[in-house]
Amino acid sequence: MKLNDKNELVSKPEDEWDEEDFRKLTIDNKALNILLVALDKTEYNLVRRCTSANEVWKLLILTHEGTEQVKNAKLAILNRDYELFKMQPNES
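Per chain, residue numbering runs from 1 following the sequence as it is written. With pLDDT at 70 or above as the cut-off, local features in this predicted model cover only qualifying residues; side-chain atom pairs require 80 or more to be listed or tallied, and sums for whole chains, interfaces and linings still use all residues. Side-chain numbers come from the whole structure's heavy atoms, not from hydrogens or water.

Looking at an unreviewed UniProt entry, the protein carries the name UBN2 domain-containing protein, with the source organism given as Cephalotus follicularis.

Written as structure tokens, this is what we have:
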């Protein structure tokens, strides 16, 4: 990545890569491989088209934890269930 004239991060063309860029790519490829090998078939099929470890990680987080809206809805349901919790007639 490099900064352009407007101070925005843009990808470098591959012919401009230096040793640090290749090192980062190698680390990302290793991390991507570790993540893909560790997943079961269902999760692998979900993330197989991702090209970086960061993409895989974000997609797995979104899949398992949900969006902020989903988290808030689950929390509201749990709070409601807790508030309505009472002892059943056959319990002591």
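J.: Just to check I follow, could you spell out the nonpolar core for this structure?
T.: A general tendency of soluble globular proteins is for nonpolar side chains to be buried together. In this structure, Leu32, Leu35, Leu39, Val47, Cys50, Ala53, Val56 and Leu60 together form the largest nonpolar core, which totals eight residues. At three residues, the largest contribution of residues to this core is made by helix H3 (residues 53–65). Apart from the residues within four sequence positions on either side, leucine 35 is in contact with Ala53, Val56 and Trp57. Put simply, a nonpolar core is a bunch of buried Ala, Val, Leu, Ile, Met, Phe, Trp, Tyr and Cys residues held in one set by side-chain atoms that sit within 4.5 Å of each other. Buried means the residue's accessible area, taken with a 1.4 Å probe over protein chains only, is under 20% of the maximum for its type, while exposed means over 50%, and partly exposed covers the values in between. Here a helix means four or more residues in a row that DSSP labels H or I, a strand means two or more in a row labelled E, and each is numbered from the N terminus. By the convention used here, residues are in contact when the closest approach between their heavy atoms is within 4.5 Å.

J.: Is there a simple way to explain the packing of aromatic side chains in this structure?
T.: The description of an aromatic ring pair uses the distance of the two centres, along with the angle that the planes make with each other. What counts as a ring pair is set by centres within 6.5 Å for rings of Phe, Tyr and Trp (its six-membered ring), and what kind of pair is set by the plane angle: stacked under 30 degrees, edge-to-face over 60, tilted for all other angles. Summed over the entire model, instances satisfying the criterion amount to one aromatic pair. Plain terms: the ring middles of tryptophan 17 and phenylalanine 22 are 5.2 Å apart, the flat faces sit at 70 degrees to each other, and that makes the pair edge-to-face. Looking at phenylalanine 22, the relative accessible area reads 37%, which means it is partly exposed.

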